[in-house]
Amino acid sequence: MKSVRRPLVAVSTALVLVILQAVADPTGLLALVGWSGAQPTITAGVWPFAPYLVYLPVLLGMVWWVTLRAGQRYWTLVAGVVLAALLAQALACLVMTGNLAISAWAAGYVTAKAVPAALIVAAFARWFGGPTTREAYRCGPPWIPAALFAAAAPLLAGEWWTSAAYAPGVPVARPDRGPLSVIVAVLLIGLATVLCQRWMRRRVPGVLGGWLAALVAGGLVGLVQAIVAFAVDGGLSGDLWPGMAAYVAFADGLSFGACVGWIVGVGALVVERIPAAGRVRVARLSAAAIVVVAVVAALAVPAIAPASASATDAAAPAGFLRASGTTITDGRGDQVLLRGVNVNQLVDFYQPKAGVPATRPLTEADFAGIAAQGFNVVRLNLSWSALEPTRGVLSKAYLAKVQEAVRWARQHGIYIVLDMHQDGWWNGATPAGTDCRPGTDPMWGYDGAPAWATITDGAPRCQFTGRDISPAGDRAFQNFYFDTAGVQSALVTTWGKLAAIFRDEPTVAGYDLLNEPGFGETAPVTTSSLLGRFYDRAIGAIRAVGSRQLVVVEPSILWSGLGFDTGPTPGFTTDGNIVFSPHLYAESITMDRSLGLPPIVSLERQFTLAQRVAAEYDAPLWSGEYGYWGDTKDVDARLTRYAAAEDANRLGSAYWVWKQACGDPQNGIGPTGNGLQVQNCSTGGDAAPRTDLLSVLSRAYPRSAPGTLTMLTAKGRDLLLTGNAGHDSCGLEVWVPGAPKPVVHSTGVTAIATSSTPGGWLVTGCASGRYTLNTSG
């Protein structure tokens, strides 16, 4: 009979570690089980209790079991505790969501917590767990269990291997990546599992030995994928992306092994009971089965295929923009680039200093000034708190301001994207007398939801490193994602009401459903699955009232902070008229800047990653925010690099921000209100605008181009573009800044006309087939 001393030490260490982390980490980001100070409520459902009634018991129970079975050696116990942590996470998420695929994939998100915890628990068990007896066990042939495990990969791929980390050329066992990718990945999984079984099952008996072998094999496959990604995805480009991609692949591999690896353990036991004479035949049949499964899975039509572009075009009325595959078009065969600015002058910001307004007035002169810079879109930031201060009743006064802004935009030839803006969930500040836990600080409020839609369950309104990591804000988002008290349903209804007002207005290009959604407390359940569910519900409400405009969907705030994220779960909607809109802030407000680290993702690479995720939705990419480099000396150089990358990728975007008031909490209290149009805080009037930035932002670009743009470069008034039009179109329209009339050269373009417009010139023409246009002077 084995002594219980070692498992008792392991479980006690794990429990103490959980308690210490919960006390030391006020956000729960780094803790196995976080404690934010929020009070769980039964009315919210089961999710508030899952960390304590599911995760913790499963973790401790699994630690006891793996220590009994694998605790005689340090590294086998490390693997066992990692398995325990990942399975506990998967089961807790399953209780929260009822979605097995999401929950299994989400287990990988605790890898960065699970591995250090496992190292500590295994160390204490070794030091204080008493003497060990290292036994060697006999095991059967590894090929059959490995074949079963590998063959299961493409069939059970679920949400694994779907993020930006998997560049084209990286082998993954997903049918939508093609036959070669699946076959290579399946062979890798099988080979790695064979090797790991030979090592693990001689040290750990029974089902657990095979299970741990699968866990380690999954991690090894992730490392191989990372090496391939390094070779095919740009390697070292001055950023930390190769390391981040390696971590994602490693975590995916571990979670796949943790949740599916029991197949190896059970399969190994079954094989050991087969007479030796029959094992060769079974092995051959297994090898044949694995090849058949891999090929069939690789050739299968993906179940999550997005809506076709033709169906989208048929659904959008004439005169409205729409998504045609991965480009935004006007419905006449012309690609449209939306380039402009954010306007935050209708946001209901917290006012940190009495007498200093948090916003500047919005007037028609703003739209005239925006048009004079050549911009053709405004991302108009709205506040739910101002739109619906009383639940179920939209403010007529606020709606009038929005409608007035849309009217001004129409008069000046500018599209509007209505953006439901939020920063930190709502505009509430830390209440007086609040005791913030060590590591957090009192904070200003910002903007977003009304008070009636803010459910914090008593979590403190204190910030950790910034506004977007706050126990109160995280809990408010968590309640939103799980639709506590119908909060999410209320916003879905509000979007339906807003869309009904603007459904016949082609000036409104689209609806941005929620700015930089927070991650709540259980990413990626919140940031992928539940965020996608909200988007799908809101899209349904918008379409139900007959509005066919574009719907803009964003990944979570993690993208703005890291330079990448997963985005909503692929297949979250069947609607084809969507646009994917991460905020491309790499080398700007990403956390590497504040920590003094090299870029996590370089300014140029962020476009590649964003395009990769947009392609998973078969949707256009449009960056709803970028910029905000502050007053650093290299701001002009960074913006110039951004502009070159944006042109190279033939994309549009909206710069942050047109105007920012001196009392805006995002501005801080200083001598000026930042933005392209600067405010003098001592007088409240205008200061000199940022002409250095505007000279780059207002460079020449095609507002629309027949067919598809194939190349674009621009600097100031000089532009070179090429395109390919499948049919005759007179939709070429190019903005050129400045007073002098531009010199135009072209091939394949007819009926060229140049007309003056406030701030510059518009060059128009017709094209069919391949064409080139160059402006200079």
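Here, the structure is the one placed above.
The notes below deal with the structure included here. Numbers given to residues run from 1 along each chain, matching the order in which its sequence is written. A pLDDT threshold of at least 70 governs which residues receive local features in this predicted model, and a stricter bar of 80 or more applies before side-chain atom pairs are shown or counted, although totals over entire chains, interfaces and linings include all residues. Side-chain metrics in this entry use all non-hydrogen atoms of the structure; hydrogen atoms and water are not considered.

Once that is clear, we can look at the sheet that holds strand β5 (residues 377-383). Read across the open sheet, the 7 strands follow the order β11-β10-β9-β6-β5-β4-β12; overall the sheet is parallel. The open sheet terminates on both sides in strands that have one partner only, identified here as β11 (578-580) and β12 (653-655). On average, adjacent strands in this sheet sit at an angle of 30° to one another, irrespective of strand direction. Paired strands are those between which DSSP finds at least two bridges. Elements are defined by DSSP. Helices are runs of H or I of four residues or more, strands are runs of E of two residues or more, and each kind is numbered from the N terminus. As paired elements, strand β9 (residues 508-512) and strand β10 (residues 550-553) share 3 bridges and run parallel to each other. Bridged to Tyr511 within β10 is Val551. For every element, the axis is a line fit to its C-alpha atoms; helices are fit only across the contacting stretch, and the angle between N-to-C directions ranges from 0 to 180 degrees.

Let us now look at the nonpolar core. Throughout this description, the term nonpolar core refers to a set of buried Ala, Val, Leu, Ile, Met, Phe, Trp, Tyr and Cys residues connected via side-chain atoms within 4.5 Å. The classification of residues rests on relative accessible area computed with a 1.4 Å probe and restricted to protein chains. Under 20% of the type maximum is buried, over 50% is exposed, and intermediate values are partly exposed. One finds Leu380, Leu418, Leu513 and Phe534 to be the most contacted residues of the largest nonpolar core, which totals 185 residues. Looking at this core element by element, the count peaks at 16 residues for helix α3 (residues 74-97). In terms of nonpolar packing, the next biggest core, distinct from the first, is built from 20 residues, Leu732, Val736, Leu762 and Tyr771 among them.

Take the packing of helix α6 (residues 143-155) against helix α9 (residues 241-260) next. At their nearest, the axes of α6 and α9 sit 11 Å apart, and the two run at 110° to each other. Considered as vectors, α6 and α9 are oriented roughly perpendicular to each other. Note that α6 runs across α9; the crossing there is right-handed. Touching Phe149, Ala152 and Ala153 of α6 are Phe256, Gly257 and Val260, all from α9. Here the word oblique covers every angle except those under 35 degrees (roughly parallel), over 145 (roughly antiparallel) and from 65 to 115 (roughly perpendicular). When the near helix sits turned anticlockwise from the far one by under a right angle, the crossing is termed left-handed; a clockwise turn instead gives a right-handed crossing. Note on contacts: a residue pair qualifies if any of its non-hydrogen atoms lie within 4.5 Å across the two residues.

A separate point is helix α2 (residues 50-70). Every buried residue of α2 is accounted for by Ala50, Val54, Tyr55, Leu56, Leu59, Leu60, Met62, Val63, Val66, Thr67 and Ala70. Residues of α2 that are buried in the fold lie against α1 (5-24), α3, α5 (111-128) and α8 (206-232).

Here Gln335 lies in strand β3 (residues 334-336). Gln335 gets classed as buried once you look at its relative accessible area, which sits at 6%. Whenever a nitrogen or oxygen atom comes within 3.5 Å of another N or O atom, the pair is scored as a polar contact, on the condition that within protein one atom can donate a hydrogen and the other can accept it, and that pairs from neighbouring residues in sequence are kept only if both atoms are in side chains. Looking at Gln335, its side chain comes within polar contact range of the main-chain nitrogen of Leu709, at 2.9 Å. Discounting residues that sit within four places of it in the chain, Gln335 has contacts with Thr327, Ile328, Thr329, Arg650, Arg703, Ser704, Ala705, Gly707, Thr708 and Leu709.

This next bit is on the packing of α3 against α9. Relative orientation of the contacting elements α3 and α9 amounts to 80°, with a least axis distance of 9 Å. The orientation of α3 with respect to α9, classified from their angle, is roughly perpendicular. The segment α3 lies against α9, with Val82, Leu83, Leu86, Leu87 and Ala90 engaging Leu254, Ser255, Ala258 and Cys259. Of the residues contributing to the contact of α3 with α9, the split by class is 8 nonpolar, 1 polar and no charged. Under the scheme applied here, ten amino acids are nonpolar (Ala, Val, Leu, Ile, Met, Phe, Trp, Tyr, Cys and Pro), four are charged (Asp, Glu, Lys and Arg), and all others, including Gly, are polar.

Here we come to the state of the cysteines. Such a bond, covalent and formed between the sulfur atoms of two cysteines, is termed a disulfide. A pair of sulfur atoms, both from cysteines and within 2.5 Å, is called a disulfide here. Summed over all chains, the structure comprises 3 disulfides. Through a disulfide, Cys436 is tied to Cys462; the S-S separation comes to 2.0 Å. With the S-S bond torsion at -85°, the cross-link from Cys436 to Cys462 turns out left-handed. Of this pair, Cys436 sits in the loop between β6 (415-421) and β7 (441-442) while Cys462 is found in strand β8 (residues 462-463), placing the two residues 26 residues apart along the sequence.

What follows covers the packing of aromatic side chains. In this description, a pair of aromatic rings is defined by centroid distance and the angle of the planes. Each Phe, Tyr or Trp ring (for Trp, its six-membered ring) is paired with any other whose centre lies within 6.5 Å, and the angle between the two planes then decides the class: stacked below 30 degrees, edge-to-face above 60, tilted in between. One pass over the full model with this rule turns up 31 aromatic pairs. Judged by centre distance (5.0 Å) and plane angle (70°), the rings of Trp241 and Phe564 are edge-to-face. With a gap of 323 residues between them, Trp241 in helix α9 and Phe564 in the loop between α19 (557-562) and β11 connect regions that are remote in the sequence. Judged by its relative accessible area of 1%, Trp241 falls in the buried class. Arranged with centres 4.0 Å apart and planes meeting at 5°, the rings of Tyr626 and Tyr642 form a pair that is stacked. Separated by 16 residues along the polypeptide, Tyr626 in the loop between α21 (605-617) and α22 (635-648) and Tyr642 in helix α22 bring together distant segments of the chain. A relative accessible area of 1% places Tyr642 in the buried class.

The next thing to look at is the pairing of β6. For β6, a buried count of 6 out of 7 residues is recorded, marking the element as mostly surrounded by other parts of the structure. When β5 meets β6, the two strands line up parallel, connected through 7 bridges. For Val377, the partnering residue across the bridge sits in β6 and is Tyr415. Note that β6 and β9 share 4 bridges and pair parallel. Along β9, the bridge assignment pairs Asp419 with Asp512.

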